[in-house]
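Residues per chain are reported as follows:
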Amino acid sequence: MSMTTQSKTGLKTLAFGMPTPDEIASGGSHGLSARPKLPPDLMSKLNAADLEEVEDIELPTEPMTINMGPSHPATHGTVRIVLTIDGETVRDSDVQVGYLHRCFEKEAEYATYTQVFPYTDRLNYVSPLLNNVGFALAVEKLLGIVDRLPERAQYIRVIIGEISRITDHLTCLGASAMEVGGFTPFLWMIKAREWLWELLEELTGARLTHSYVRIGGVSQDLPEHFIEKLRATLQKSTSVIGECESLLVKNRIFRDRMDGVATMSAEDAIAMGWTGPCLRSTGVPYDVRKDHPYLVYDRFEFDVPVGSVGDNYDRFAVRLEEIRQSMRILDQAMKQIPAGPVLLDDPRVAMPAKNAVYNTIESMIGHFKLVIDGIKVPAGEVYSYTEGGNGELGFYIVSDGTGRPYRCHVRSPSFIITQSMSKLILGAGIADIIPTFGMINMIGGECDR
Amino acid sequence: MAETPPSPIKSSIAAALRETATPPSPPPVVPPAAASAAPAGSAPGPASPPSELVTIKLDGRDVQAKKGANLLEVCLANGVDVSYFCYHPGLSSPAVCRQCLVEVVGQPKLVPACFTPIADKMEVNTSTSRVLTIRRQMLEFTLVNHPVDCPICDKAGECTLQKQYQDWDHEGSRSSIPKVHKPKMQDLGPHIVLDAERCILCTRCIRVCDEVAGQKQLTMAWRGDREQLTVAPGHQLDNPYSLNTVDVCPVGALTSKDFRFTMRAWELFTTPSVCPGCSTGCNVEVHHAQGEIWRLVPRENLQVNKYWMCDEGRFTYKDVRHKRLTSARIGGGKGQPAQITSLDKAVAFAAERLEKLASSGATIGLVYSAQTTNEALFALSQVAQKLIARGANIRSYVTGTASKPERADKILRSADTNPNAAGAALFAGAGAGDAGALLADLKAGKLKGLWMVGADLPLSEQALADAAPIVDGLDLFICQAASDSALLRRAHVQLPAAVWAEVDGSFTNNKHLVQRLRKAVAPQGDARSHLELISQIAKKANLASGEKWQVSARQAFLQMVSVVSSSLPVGTDPAQSVAAGFASADWGKEFLPVQLRFANSRG
Amino acid sequence: MTDSILMFLAEHTAVAALLKLLLLVLGFVMPLASLSTWAERRQSAMMQDRLGPNRANIGPVKLWGILHFVADAIKMMFKEDVVPAKVDRFLFALAPVMAIAPVLITFAVVPFGPDLCVGQVLSVVTDPTTCKATIPLQVARMDVGMLFYFALASLAVYGTTLAGWASYNKWSLLGGLRASSQMMSYEVCMGLSLMGAFLVYGSLEPNAIVTAQGSNILNWGIFTQPLAFVLFFTAAIAETKRAPFDLPEGEPELIGYFVEYSGMRFGIFFLAEFIETIFLAAIVTTVFLGGWQVPGLDSSGFGSFHLPHLAVVLLQVVAWSLKILFLCWLQLLIRWTLPRFRPDQLMRLGWKQLLPLSLLNIIITAAVVLWRSGGK
Ligand code: SF4
Ligand code: SF4
């Protein structure tokens, strides 16, 4: 078996389909075109005709191009990273997203506004209700009914949104532990997430794909004793999270793996369009809920936790603290929630009562038109943004006056944060790639849409 | 929502729906935005002399229009939505529904817009609270006795009553008096069923019979809340344009026996096309879903069919579904059973024989069927030249289905049942024979080979079966046909052809307008368009390859138009010459089928 | 009858060795390794609030799902054995054998009980050295026993390295590289950390070490050599490539050196890993936990409470087994609690922390031993 071949420069190279120095110098072959881009200094060394210079390096080594994903067992969603590594150090990487593309934006153009909700469930599928709320608010803004939403509906949206944020962060934190080999804290967090999802299931009828929010409110009121159950569940979850924290935060191995890995400066993060916990980990206290309050967020007291150096541990810690803050919001919301209707009483957006639908032609027509033609949204365009699990979740909608969006674009935080991935893992080890990936929490469904 | 300015996007969909192969003349009901985007006053088109223009104030906006024009039409042309039921652009206005009441400053009472001619300096308000209240109350009134039928009503999804209620009303009824019941399933004629409860007494259907079909068959009987539509005693609603009443009926009172309960209207997709029923070439919308056509409805084209089409034409879609030839066959001729084979093999077989025959200098007959598209016929004429160049002796024939003099009238229907007779005659050339000549030549054994593009002959099924054996003397008989027939079964090569609704192309009607067909559904089985079959045979037989017309239907169209119109003096009247019609022909935009529910509520 | 068989065995040591090997490997190690696969999953499930595998059954026999290992074995054996194109077939096939053979062989030096006095099994034996004929409960008694173990253990690295190399896969190559660097680094530390024990007990022969520790618990390695115990245990876990040292197979990173293996070949790697954990437990037991010694149990019984020889031996064998079970369980706990190191951290830990400490341990021990022996 000839594992080595002699290249023109005289270097031995492993015959794994990785480019020879000649090929790298000439821009590469192997169908990867000029992919393995090298840092300029290394490039010049490899370009040098005399090998003495290369031999200055202790052991004459050369970078290897290796493909991580799209079906790597540990990537969130499916993503492909073409790595150029030197030993275990990442010298260059090319992060390729899009493997989970489901045409969300195009599908939305072929569905009525209400029918889009199930698609939004599948954006960030760890916190579907936040997407639901984000989309609903965008359409409501275009309809001009945001200010008229019933109080109770707004509170319910806050409650389910914060529960979803907790589940989102729990998943992310748990995964971070798993990605550095600690499987137990992962399952503990997932256990807590499952309790919350069970509650949401009781509320919406579905564990994951809730489709619970409606334009003008939510589809149904909270079930009996929901608030009490939520309170109990939160208490249980707090203790589980405490356990996980003690297993991780004070764990030397875990800290060694997270501290100082993949740091990001605040300026760079802003320049790269970061939002959400990742941005806050760099020390920028930007939170849509605080800076541009929507729903009833201005009525709650909560803090925006920030990190200092923007490394993986900061991202971990910010999320952990955000769970606590969400619980604080939930606490206040549970106390403040008023009684009342949960859906805006406007025949243009809300379905008439079922009894009336069956018995009067007027309601029958109203129901029929809303279902078949959809809610007629006045022509125009809107950009509406909320704080999703991973950052600013924006919906840009153009309406042509019919019952379905003419164009619907999602500003998905994951997608935008993922563009910095190459920068983050440059110089890190192979072992750091996936934990970093986990901490920026790229959710395939949201990133690839 | 009334304040919402019409969006350009909305109008582009509407415009696309109306778009025709021939440049459409500006319709009276201009789609809201196209007109409002243009400078005010230009709406009626350049033809109207400016001296007759007057200026009125419409909702505080200065609007110019022709003196004496219908106020409702002026409103619609300027993007002001005024609800209405009984008005129809193609019919007279009786102002019976009172839904279009608007306020004219100076008049104590509200006036029906559809019945008010405009005068200079008139001030019209269409959205004051008074008008809106009246509009709501009229709807409440209309709905008072309406049954809760939407789920089982054929019109649901494209119902004007539903649309108006949803756009303007939203209120519940204040009446607690039990609804008046009327007969539910009344047979009005061969094609139509009446549900009297749903009727809102707009009289549109009566006017269609009176004014379009010219036969007074429908009338109103009784009075008050027991008033109902009925046929005149001893009559049936059986005029040849009767199904137009179903189209104009704003509600589901009149339903087509053919369409009812087959498909929900909102699920259908629409593709604009042209009716293949006769040489008038009425513009239609093909309504299809799940790969099948479910109905044809007329599409507005003031030059051809205005808003109407005949009943017979509506049923032409059935031939697309039934009795189709779906796979290629190679036969031994002389009525021996043929073998099903792949299209490629059949084409290769045909091409090989054709090439041999042509170079042997034999006489080959080419049949231009008047049922096929211009593009296919043009392609055939191109191949004919190549065959002649190879040394073959070519005879051309124009055939088609038998004409029916009894169906001709002064309205839409013409005797010639072929949609493309003009085109076929043009491409077959001046010396072409007709079906009679073809049969005579066959009988006399003057032909060695025959290539039929479309196996349509003006013979009854029985007559055709009797006449079929005369092709047995041929050395090669290539037959491209959409459906099975006695003649086809005797061909050596039997090729399945796609029909009008399955291809892109054009027909030339009896006024020499070249009108565009659009592919609505996929061809059945192995069927291919005539154009493609000709192109494949020509390629395999080394007669033509890489020619422009072989690329696509659109390329064929463009080449055809330039070839035909190049030999033509500019400014020739289309009425005089077929070729002149081609000069103004336009392929138009590509069109994605729109689902009716999103086609901006047809209601 | 029994006596004559025992007599025969005492005389024919080769036959006895074979029998003992069979008994040890087939009767103890293999079942325990198989059970560990189930235990690991049950244990992790318990720690993680799950149920874990609890369903496998043969008819009504369910036994909390223990039978899962049978199902596993059947599955592994009947799975398609995929050999990817372009692999080096010979090395590819050799690697799993290289991985499992050394660990199995090293069991030869592990004493699992005291010497059995043939002919006095039912009477009380006060001084075993006086026995006429004995059967040592250890397969091979070699003076270089521990060195033999080190020699063979370092062979195991070839299994993983070859697997990584022969698979013709960049990821498995990386895994193989990690495995070889890791195992070689930690072997040094492992060896050095045991030096102290050798000094204290004055022998390289495992049984001698055990005997030297005696039944006085305070004389056991864990108390005389506490630092060495920690160092050796850590290094040995690294040697078995299990969390937190499972870098060669870290599934979020490399997937592992055996990524291209399937079916029983993969199963062998899997099994080798579990056998290694058992072996690790055996060595730790031998050197630090007094081997087969039971606290307070002399060859004649507990102090003045006399027991027949056979009972004493049995008790000691059982104690040995329990110690091993405990250590296996301890490893499971560690494995499911700690996250994984990164390669550079692993190297730093091995060379910069464990190694100096073990050297220090040797120096101190040597000094103490020298001092206690009065400088002679
Ligand atoms: S006519 Fe219109 S409103 Fe009446 S039942 Fe039919 S769909 Fe409904
Ligand atoms: S049947 Fe239809 S078109 Fe005729 S009057 Fe009644 S509602 Fe009008």
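In the block above lies the structure referred to throughout.
First, a word on what this report is: a plain description of the structure on this page. (Residues numbered from 1 in each chain as written. Chains lettered and ligands numbered in written order. Predicted model: local features only at pLDDT ≥ 70, side-chain atom pairs only at ≥ 80, totals over all residues. Heavy atoms only, no water.)

Examining the pairing of strand β18 (residues 449–453) of chain B
All names here are of chain B.
- For β18, the tally of buried residues reaches five of five residues, placing the bulk of the element in the interior.
- Residues G449, W451 and V453 point to one face of β18 and L450 and M452 to the other, with burial holding for every one of them.
- In this sheet, strand β19 (residues 476–481) lies alongside β18 in parallel orientation, the contact comprising five bridges. Across the sheet, M452 pairs through a bridge with C479, a residue of β19.
- In this view, the connection linking β18 to its parallel neighbour β19 by way of helix α14 (residues 461–467) has right-handed handedness. (Buried < 20%, exposed > 50% of the residue type's maximum accessible area, 1.4 Å probe, protein only. Helix = DSSP H or I, 4+ residues; strand = E, 2+ residues; numbered from the N terminus. Pairing = 2+ DSSP bridges. Right-handed = clockwise from strand over helix to strand, strands pointing away.)

Regarding the site of ligand 1
- Around ligand 1 lies a shell formed by I365 of chain A together with H146, D149, C150, C153, A156, C159, L161, Q162, V251 and G252 of chain B.
- Around ligand 1 the close residues trace back to chains A and B.
- When its residues are assigned to classes, the shell around ligand 1 shows seven nonpolar, three polar and one charged. (Near = heavy atom within 4 Å. Nonpolar A, V, L, I, M, F, W, Y, C, P; charged D, E, K, R; others polar.)

Some words on a nonpolar patch on the surface
All names here are of chain C.
- Where nonpolar side chains cluster on the molecular surface, the patch consists of L227, L357, L360, I364, V368 and W371 and spans about 570 Å² of accessible area.
- If you tally residues by element for the nonpolar patch, the top one is helix α12 (residues 343–372), at five residues.
- The class of I364 is partly exposed, set by a relative accessible area of 45%. (Patch = residues over 30% accessible without salt bridge, like charges linked within 9 Å, V, L, I, M, F, W, Y side chains within 5 Å. Areas by Shrake-Rupley, 256 points an atom, 1.4 Å probe, with all protein chains shown as cover. Salt bridge = Lys/Arg side-chain N within 4 Å of Asp/Glu carboxyl O.)

Concerning the site of ligand 2
- Around ligand 2, a shell composed of 14 residues is seen, among which C199, C202, T203, C205 and C249 of chain B lie nearest.
- When grouped by side-chain class, the residues that make up the shell around ligand 2 number 12 nonpolar, one polar and one charged.

With respect to the nonpolar core
- Grouped together as the largest cluster of nonpolar side chains are 123 residues, with contacts concentrated most on L83, L230 and F316 of chain A.
- The element contributing the most residues to this core is helix α7 (residues 151–179) of chain A, with 11 residues.
- In contact with L83 of chain A, other than residues within four places in its own chain, are M64, T65, I66, M68, V90, D92, S93, I425 and I433 of chain A together with W171 of chain C.
- Among the nonpolar cores identified, the runner-up in size contains 84 residues, and L6, L91, A133 and F269 of chain C belong to it. (Core = buried A, V, L, I, M, F, W, Y, C linked by side-chain atoms within 4.5 Å. Contact = heavy atoms within 4.5 Å.)

Examining the interface of chain A and chain C
- In this assembly, 39 residues from chain A lie in contact with 29 residues from chain C.
- Linking chain A with chain C are two salt bridges, by the criterion used here.
- In this structure, the salt-bridge partner of D49 of chain C is K191 of chain A, at a minimum N-O distance of 2.1 Å.
- There are 11 residue pairs in polar contact (both at pLDDT 80 or more) connecting chain A and chain C.
- Every element with two or more residues in the side of chain A that touches chain C is listed here: β3 (64–68), β4 (80–86), α7, α8 (183–204), α10 (252–258) and α19 (430–439) of chain A.
- When the residues that make up the side of chain A that touches chain C are grouped by side-chain class, the tally is 25 nonpolar, eight polar and six charged. (Polar contact = N/O pair within 3.5 Å; in protein donor to acceptor, adjacent residues only side chain to side chain.)

As for the sheet that holds strand β5 (residues 305–306) of chain C
Residue and element names in this part refer to chain C.
- The strand order across the open sheet built from three strands is β3-β4-β5, with neighbouring strands paired in antiparallel fashion. Unpaired on one side and paired on the other, β3 (297–298) and β5 mark the two borders of the sheet.
- As paired strands, β3 and strand β4 (residues 301–302) are joined by two bridges and run antiparallel to one another. The partner of L297 across the bridge, within β4, is F302.

As for α12 of chain C
- In this model α12 of chain C runs 41 Å from its N-terminal to its C-terminal C-alpha over 30 residues, within 8% of the 44 Å that 1.5 Å per residue would give.
- Taken together, the buried positions of α12 of chain C are occupied by P343, Q345, L346, L349, G350, L354, L355, S358, N361, I362 and T365 of chain C.
- Along its buried surface, α12 of chain C packs onto α10 and α19 of chain A together with α6 (170–201) and α9 (226–240) of chain C. (Expected span 1.5 Å × (residues − 1).)

A look at unusual backbone geometry
Residue and element names in this part refer to chain B.
- One non-glycine residue, K323, adopts positive backbone phi at about 55°.
- Along the chain, K323 turns up in the loop between α9 (318–321) and β14 (328–330).
- Not every positive phi belongs to a glycine, and N542 is a case in point at roughly 55°.
- When you line up the elements, N542 lands in the loop between α15 (530–540) and α16 (553–566).
- We classify N542 as partly exposed; its relative accessible area is 49%.

Nothing here speaks to function; it is geometry throughout.
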